[in-house]
Amino acid sequence: MHFTATPRGARLARRLVSHRLHEWGYPYGTSTNEAVTLIAAELTANAVTHGRVPGRDFHVRLSLRPGTVRVEVSDTRTERLPRLPPAASDADSESGRGLLLVDALAGRWGVAPRPAAPGKTVWAEVDRTGEAPCAREAPRAVSRAGR
């Protein structure tokens, strides 16, 4: 799915991730839905804040894999790669903690070059081994290009 690189686009992406997980059997309020939604919120906010190129959208891909839920956020910036802040960062700072949150909630996360386009994809995987879906799962991946 693609979204405008604006705060509204990031908010819509977060809501759509939570809604899709609910449809896939991970209802609102479950640990899987909350963790993946929070990670998506942080990654999309970073795409809007640090990965924005005027006139370019960011993309979100959400997929179920055996034992994990994976969220990927792609933007068109190649020179600004996400890094964890130092452990002793300023406790009074109003920013810079998003990736620490992603690191704490995700089983794995990383950055990869964006295939077939300029930019990067930041991805995170949340293990869902302790929580079975409440309903039938959807297809393994949902991706919609263009609109």
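Residues numbered from 1 in each chain as written. Predicted model: local features only at pLDDT ≥ 70, side-chain atom pairs only at ≥ 80, totals over all residues. Heavy atoms only, no water.

Student: Just to check I follow, could you spell out a positive patch on the surface for this structure?
Tutor: A surface patch of like charges, here positive, comprises R8, R11, R14 and R15. Here R15 lies in helix α1 (residues 7–23). (Patch = residues over 30% accessible without salt bridge, like charges linked within 9 Å, V, L, I, M, F, W, Y side chains within 5 Å. Areas by Shrake-Rupley, 256 points an atom, 1.4 Å probe, with all protein chains shown as cover. Salt bridge = Lys/Arg side-chain N within 4 Å of Asp/Glu carboxyl O. Lys, Arg positive; Asp, Glu negative; His and termini not counted. Charge placed at Lys NZ, Arg CZ, Asp CG, Glu CD. Helix = DSSP H or I, 4+ residues; strand = E, 2+ residues; numbered from the N terminus.)

Student: Please clarify how the packing of aromatic side chains should be interpreted in this entry.
Tutor: The description of two aromatic rings rests on the distance between their centres and on the angle between their planes. One pass over the structure, following the stated rule, counts 1 aromatic pair. Both rings, one in F3 and one in F58, keep their centres 5.7 Å apart while their planes meet at 25°; by these two values the pair is stacked. On the criterion of sequence distance, the pair formed by F3 in strand β1 (residues 2–3) and F58 in strand β2 (residues 58–65) is long-range, its members being 55 residues apart. Of the residues examined, F58 reaches a relative accessible area of 1% and is grouped as buried. (Phe/Tyr/Trp six-rings, centres within 6.5 Å; stacked < 30°, edge-to-face > 60°. Buried < 20%, exposed > 50% of the residue type's maximum accessible area, 1.4 Å probe, protein only.)

Student: Would you explain α1 in this entry?
Tutor: Think of an α-helix as 3.6 residues a turn; residues three or four steps apart then line up on the same face. Over its 17 residues, α1 runs 24 Å from end to end, which matches the ideal 24 Å to within 8%, given 1.5 Å per residue. Turning to α1, its buried residues are G9, A10, A13, V17, S18, R20 and L21. Just beyond α1, the residue with positive phi is G25, at close to 100°. (Expected span 1.5 Å × (residues − 1).)

Student: Sorry, what's going on with helix α3 (residues 98–105) here?
Tutor: Listing the buried residues of α3 in full gives G98, L99 and V102. Angularly, the buried residues of α3 cover 95° about the axis, an arc narrow enough to put them on a single face. Where the residues of α3 are buried, they touch α2 (31–49), β4 (108–113) and β5 (120–127). (Arc of directions from axis to C-beta. Contact = heavy atoms within 4.5 Å.)

Student: Looking at this structure, how should I read the packing of α2 against α3?
Tutor: Two measures define how a pair of helices packs: the angle their axes make with one another and the distance between the axes. Taken N-terminus to C-terminus, the directions of α2 and α3 make an angle of 150°; their axes are 10 Å apart at the nearest point. When the axes of α2 and α3 are compared, the pair comes out roughly antiparallel. Considering the relative orientation of α2 and α3, their crossing is left-handed. Contacts between α2 and α3 involve A35, L38, I39, E42, L43 and N46 on the former and, on the latter, G98, L99, L101, V102 and L105. Looking at the contact of α2 with α3 residue by residue, the class counts come to 8 nonpolar, 2 polar and 1 charged. (Axes fitted to C-alpha atoms, helices over the stretch in contact; angles between N-to-C directions. Parallel < 35°, antiparallel > 145°, perpendicular 65-115°, else oblique. Left-handed = near helix turned anticlockwise from the far one by under 90°. Nonpolar A, V, L, I, M, F, W, Y, C, P; charged D, E, K, R; others polar.)

Student: Would you explain unusual backbone geometry in this entry?
Tutor: Apart from glycine, the bulk of residues carry a negative phi angle, and the bulk of peptide bonds sit in the trans form. Positive phi, close to 65°, is recorded for A116, a residue that is not glycine. Residue placement: A116 occurs in the loop between β4 and β5. Given a relative accessible area of 90%, A116 falls into the exposed group.

Student: So what exactly am I meant to see when it comes to the pairing of β5 here?
Tutor: For a regular strand, side chains alternate in direction, first toward one face of the sheet and then toward the other. The buried fraction of β5 amounts to 7 of the 8 residues, a majority that puts the element mostly inside the structure. Summarising the sheet, strand β3 (residues 68–75) and β5 pair through 8 bridges and their orientation is antiparallel. Within β5, the residue paired with R70 across the bridge is E125. Here β4 pairs with β5 via 6 bridges, running antiparallel. Looking at the pairing, G110 lines up with W123 of β5. (Pairing = 2+ DSSP bridges.)

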